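Structural characterization, general
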Amino acid sequence: MAGIDIRPDTHDEPARDESREQISQRLLESSEMLSYDPVTEVDWQTPLDKDFHGASPEWSTLYGTAYWDELTDAQRKELTRQEAASVASTGIWFEMILQQMILRDLYAKDPTDARFQWALTEIADECRHSIMFARGAAKLGAPAYRPRRAAIELGRGFKTLAVGEAAYAAILVAEEVLDVMQRDWMRDERVVPFVRTINNIHVVEESRHMKFARDETLRQMRRAGPIRRRFSALVISIAAYVIVTSMVSRDVYRNAGLDEKRARSEAAANEHHKSMMRSSCAGLMEFLASAGLLTKPALVFYKRAHLI
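Residues numbered from 1 in each chain as written. Predicted model: local features only at pLDDT ≥ 70, side-chain atom pairs only at ≥ 80, totals over all residues. Heavy atoms only, no water.

Quick notes on the nonpolar core
Applicable threshold: The nonpolar core is taken to be a set of buried Ala, Val, Leu, Ile, Met, Phe, Trp, Tyr and Cys residues, with the residues joined through side-chain atoms within 4.5 Å. The buried label goes to any residue with under 20% of its type's maximum accessible area, the exposed label to any with over 50%, and the partly exposed label to all in between, with areas taken from a 1.4 Å probe on protein chains only. Residue contacts are counted whenever heavy atoms from the two residues lie within 4.5 Å of one another.
In terms of nonpolar packing, the biggest core is built from 93 residues, with Leu 62, Leu 79, Val 177, Leu 288, Tyr 302 and Leu 307 touching the most fellow members. Apart from the residues lying within four places of it in its own chain, the contact partners of Leu 62 are Tyr 67, Trp 68, Leu 79, Glu 83, Tyr 253, Leu 258, Ala 263, Glu 266, Ala 267 and Asn 270.

So, the layout of surface pockets
Basically, it comes down to this: Any residue with an atom within 4 Å of a point lines the site, the site being either a cavity, points on a 1 Å grid over the protein atoms alone where a 1.4 Å probe fits but cannot get out, or a pocket, an open set with protein on both sides within 12 Å along at least 5 of 7 lines. Grid points are joined across faces, edges and corners, and a volume is the space filled by probe spheres set on the points. Secondary structure counts use DSSP, requiring at least four H or I residues in a row for a helix and at least two E residues in a row for a strand, with both numbered from the N terminus. Throughout, the ten residues Ala, Val, Leu, Ile, Met, Phe, Trp, Tyr, Cys and Pro are labelled nonpolar, Asp, Glu, Lys and Arg are labelled charged, and all others, Gly among them, are labelled polar.
Roughly 710 Å³ of internal volume is contained in the largest pocket. Counting only elements with at least two residues in the lining of the largest pocket, the list comes to helix H4 (73–106), helix H7 (164–187), helix H9 (226–245), helix H11 (260–268) and helix H12 (271–280). Counting residues per element, the lining of the largest pocket draws most heavily on H4, at 4 residues. A breakdown of the residues in the lining of the largest pocket according to their chemical character gives 15 nonpolar, 9 polar and 6 charged. In this structure, the second largest pocket is lined by 23 residues; those nearest its centre are Leu 154, Phe 158, Ala 162, Val 235 and Ala 239. Of all the elements in the fold, those that place two or more residues in the lining of the second largest pocket are H4, helix H6 (149–161), H7 and H9. With 9 residues, the single largest contributor to the lining of the second largest pocket is H9. Tallied by class, the residues present in the lining of the second largest pocket amount to 17 nonpolar, 4 polar and 2 charged.

Focus on the packing of H4 against H6
Convention followed: In this analysis, axes come from line fits to C-alpha atoms, helices being fitted only over the stretch in contact, and the angle between any two N-to-C directions falls in the range 0 to 180 degrees. Roughly parallel refers to an angle under 35 degrees, roughly antiparallel to one over 145, roughly perpendicular to one between 65 and 115, and oblique to any angle outside these ranges. Here a crossing is called left-handed whenever its near helix is offset anticlockwise from the far helix by less than a right angle, and right-handed whenever the offset is clockwise.
Remark: H4 packs on H6, axes separated minimally by 8 Å, with the N-to-C direction vectors making an angle of 20°. The angle between H4 and H6 places the two elements in the roughly parallel class. Seen along the crossing, H4 lies across H6 with a hand that is right-handed. Along the contact surface, H4 presents Trp 93, Ile 97, Gln 100, Met 101 and Arg 104, while H6 presents Ala 151, Ile 152, Gly 155, Phe 158, Lys 159, Thr 160 and Leu 161. Classifying every residue of the contact of H4 with H6 gives 7 nonpolar, 3 polar and 2 charged.

Here's the deal with the confidence of the model for the protein
What counts, and what does not: A residue's pLDDT is the predictor's confidence in that residue, given on a scale from 0 to 100.
Mean pLDDT for the protein: 92, with 94% of residues reaching 70 or above. Ignoring residues within four places in sequence, the model shows residues 1–16, a span with pLDDT below 50, making 31 contacts including any to other chains.

Quick notes on the packing of aromatic side chains
Selection rule: Pairing of aromatic rings covers Phe, Tyr and the six-membered ring of Trp, with a centre-to-centre limit of 6.5 Å; geometry is then stacked below 30 degrees between planes, edge-to-face above 60, and tilted otherwise. As a reminder, the over-ring test applies to NZ of lysine and CZ of arginine, requiring each to be within 6 Å of the ring centre and within 35 degrees of the ring normal.
Applying the stated criterion across every chain, the model contains 5 aromatic pairs. Between Trp 44 and Phe 194 the ring centres are 6.4 Å apart and the planes differ by 50°, which places this aromatic pair in the tilted class. Here Phe 194 lies in helix H8 (residues 193–221) and Trp 44 lies in the loop between helix H2 (38–41) and helix H3 (66–70), a separation of 150 residues in the sequence. For the pair Trp 44 and Phe 194, one class covers both residues: buried. Here Tyr 241 and Phe 301 contribute two aromatic rings whose centre-to-centre distance is 6.3 Å and whose plane-to-plane angle is 70°, an arrangement assigned as edge-to-face. Placement of Tyr 241 in helix H9 and of Phe 301 in helix H14 (residues 296–304) is noted, with a sequence separation of 60 residues between them. Put simply, the rings of Trp 118, Tyr 168 and Phe 212 touch in pairs and so form one group of aromatic residues. Seen from the ring of Phe 194, Lys 139 lies directly overhead, with NZ or CZ sitting 4.6 Å from the centre. Across the ring face of Tyr 67, the terminal group of Arg 262 is positioned such that the distance to the ring centre comes to 4.3 Å.

Focus: the pattern of salt bridges
How we decide: The term salt bridge refers to a pairing of a side-chain nitrogen on Lys or Arg with a carboxyl oxygen on Asp or Glu at a separation within 4 Å.
Summed over all chains, the structure comprises 22 salt bridges. Notably, a salt bridge pairs Arg 254 with Asp 251, separated by 3.3 Å at the nearest N-O pair. Remark: Asp 251 and Arg 254 occur in helix H10 (residues 251–255); sequence separation between them is 3 residues, near one turn of the helix. The exposure class of Asp 251 is partly exposed, given its relative accessible area of 28%. Within this structure, Arg 20, Asp 105, Lys 109, Arg 115 and Glu 216 form a network of salt bridges that share partners.

A few points about the packing of helix H5 (residues 114–139) against H8
A pair of packed helices is characterised by two quantities: the angle between their axes and the separation of those axes. Direction vectors running N to C along H5 and H8 enclose 150°, while the axes themselves pass 10 Å from each other. Comparing their axes, H8 and H5 come out roughly antiparallel. Crossing of H5 over H8 shows left-handed handedness. When H5 is examined against H8, the residues Arg 115, Trp 118, Glu 122, Asp 125, Glu 126, Arg 128, His 129, Met 132, Phe 133, Gly 136 and Lys 139 are found in contact with a partner set consisting of Phe 194, Ile 198, Ile 201, His 202, Glu 205, Glu 206, Arg 208, His 209, Phe 212 and Glu 216. Of the residues belonging to the contact of H5 with H8, the class tally is 7 nonpolar, 4 polar and 10 charged.

Structure representation (structure tokens):
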């Protein structure tokens, strides 16, 4: 937390002279110029090459532990493939939540507005991403990983009730955490090529989604009083905790052929992985602080999720 001021900072608000319409129009134009079709861009035909990892080894929940040192190269690669598939499955789960929140926000609004059309474009992107993640997880030889029942039910309530900055900032948290991982994976030649392509597609297209979520969060916060700000900050932090702790299923260790009990114990105490999460989320935490969404109660959940 050192160096981050948790007081609101209005200097990072969207430019007053750039309207929602203008930003949305720019995002629409960007989408027209640079979007991908995973059906044709990803190599789905080539069989899985098990000489590759599924994710950068440094991002494995066991990297840096005594257990990792004992694993064979083949076991490490299988573990990262299972972990990558679990992250993809969690991405699908949250993208479904995201789509429902955006559709609720759009309901009965002006379809000729660029913001309306951009939001539908984002939903179309997320539909393609979810199918891409699902096919990718299957090609990695993984089962269907799902969040724990408590997380599923919390997500059900969140997608139904969250509005305004609570919805858009939670969207941003999920997208940014995944983005920092995938930027490493897409450049890593140790990662199986089709996963690198998937990550590249997601990073490029999600950059527009994150721009939209940041702008909407800051615009919503302009109207938020102190009580609403504190409440939203807490809701967002709880959502972040649930999302991040759901990314890697406890079942990945068993499916990778490891001692599940030992693996879970060492992963929970893995300071390397905690440090990776904290360092990668520094920019996100700075943004939340600038928006007035990094209150002391919220910090409790970010610290428990090792995001700060």
